[in-house]
Amino acid sequence: MDSTYGDLPFPRTDLAFKAVRYVKGIEDPAIFNHSMRSYLYGRFLGEQQGLQPDRDYDDELLFLGCLLHDSGLSVEGNGDQGFDIDGADLAARFLTDQGLSPEKIDVVWDAVALHLHYEIATRKRPEIALVTLGAGYDLGPDGTHVLPDGFADRVHAALPRLHGAAVLYDVIVGQALDKPHKAPPFSIPGELVRQKTKEEWPTWEQLMPQPPSWNDYDGYQPRT
């Protein structure tokens, strides 16, 4: 990490430096800054739970998970899956090229792939749970965990918000409008597209009979 980030507690490993350079080169600046802040807030929320870096979890893996969690929203990461899975696969490819062990890559893959699934991610190991918690906190403080005085000001001075939430919305929706299969009904990207386009989702009863179908609704009498 360079002097831009001052004394903010980022890992200073060779891999962390390489990952910052890589992600900074492929992501929109607003999304890159969001990813970096997600680590700082995830680490803070871990401390609120009594978790200490490199004692209770691998701090470098938490950082890598946070840094790469939205990499599927980059041009390089924009594949044919949901952006969470695209990002997880891109993270795995990058980390494999850096020589990280398969076991550690699996942790980062899970952290990235699960970050939209709060109820699942927060029941996993800290390196996974804190990615989701930190990313969520950066989009909107939970009102329960109050940052130390002046900490948010220091974070935002080094990593300006740059309209982060608005940029995320635009990039997610832009990808999905270009590739609608990336935003299926009832997914988070799908819901954002629905809000943008004002389209109505098909109901469960409309989806089930669509071919190919087992025709479970043929002759069915509702129970309620």
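Our structure is the block above this text.
Cut-offs used in this document
- Residues numbered from 1 in each chain as written.
- Predicted model: local features only at pLDDT ≥ 70, side-chain atom pairs only at ≥ 80, totals over all residues.
- Heavy atoms only, no water.
- Helix = DSSP H or I, 4+ residues; strand = E, 2+ residues; numbered from the N terminus.
- Buried < 20%, exposed > 50% of the residue type's maximum accessible area, 1.4 Å probe, protein only.
- Contact = heavy atoms within 4.5 Å.
- Areas by Shrake-Rupley, 256 points an atom, 1.4 Å probe, with all protein chains shown as cover.
- Lys, Arg positive; Asp, Glu negative; His and termini not counted.
- Charge placed at Lys NZ, Arg CZ, Asp CG, Glu CD.
- Phe/Tyr/Trp six-rings, centres within 6.5 Å; stacked < 30°, edge-to-face > 60°.
- 1 Å grid on protein atoms, 1.4 Å probe; cavity = no way out; pocket = protein on both sides within 12 Å on 5 of 7 lines; lining within 4 Å.
- Points joined across faces, edges and corners; volume = space filled by probe spheres on them.
- Nonpolar A, V, L, I, M, F, W, Y, C, P; charged D, E, K, R; others polar.
- Salt bridge = Lys/Arg side-chain N within 4 Å of Asp/Glu carboxyl O.

A. View of the overall build of the protein chain. If you tally the helices and strands in the protein chain, you get 11 helices and zero strands. Mapped in sequence order, the helices and strands of the protein chain form the string α-α-α-α-α-α-α-α-α-α-α. With the C-alpha coordinates aligned to their principal axes, the bounding extent of the protein chain is approximately 65 × 40 × 30 Å. Taken across its 224 residues, the protein chain has 46% of its residues classed as buried. For the protein chain, contacts bridging at least 24 residues in sequence account for 65% of all contacts bridging at least 6. For the protein chain, the exposed surface amounts to about 12,100 Å²; the carbon and sulfur share of it is 53%. Of the charged side chains in the protein chain, 20 are positive and 35 negative; the average position of the first set lies 3 Å away from that of the second.

B. Broad picture of the packing of aromatic side chains. Per the counting criterion, the structure on display carries 10 aromatic pairs. Judged by centre distance (5.6 Å) and plane angle (70°), the rings of Tyr-5 and Phe-10 are edge-to-face. The exposure classification of Tyr-5 matches that of Phe-10, with both residues buried. Each ring, one from Tyr-41 and one from Tyr-137, has its centre 5.3 Å from the other, and the planes form 50°; the classification is tilted. Separated by 96 residues along the polypeptide, Tyr-41 in helix H2 (residues 29-48) and Tyr-137 in helix H7 (residues 126-139) bring together distant segments of the chain. Taking the relative accessible area as the measure of exposure, Tyr-41 reaches 3% and is therefore buried. Judged by relative accessible area, Tyr-137 falls into the buried class, the value being 7%.

C. Representation of the layout of surface pockets. Roughly 310 Å³ of internal volume is contained in the largest pocket. As for the largest pocket, its lining consists of 17 residues, of which His-115, Leu-116, Leu-139, Leu-168 and Ile-188 are closest to the centre. Tallied by class, the residues present in the lining of the largest pocket amount to 11 nonpolar, five polar and one charged.

D. Highlighting the pattern of salt bridges. The full count for this structure, using the stated rule, is 11 salt bridges. Put simply, Lys-179 and Asp-80 hold a salt bridge, and the shortest N to O gap is 3.7 Å. With Lys-179 in the loop between helix H9 (164-178) and helix H10 (188-197) and Asp-80 in the loop between helix H3 (59-68) and helix H4 (83-97), this residue pair connects regions lying 99 residues apart in the sequence. Given a relative accessible area of 19%, Lys-179 falls into the buried group. What makes Asp-80 exposed here is its relative accessible area of 55%. A salt bridge links Asp-138 to Arg-161; the nearest nitrogen and oxygen atoms lie 3.0 Å apart. Here Arg-161 lies in the loop between helix H8 (151-158) and H9 and Asp-138 lies in helix H7, a separation of 23 residues in the sequence.

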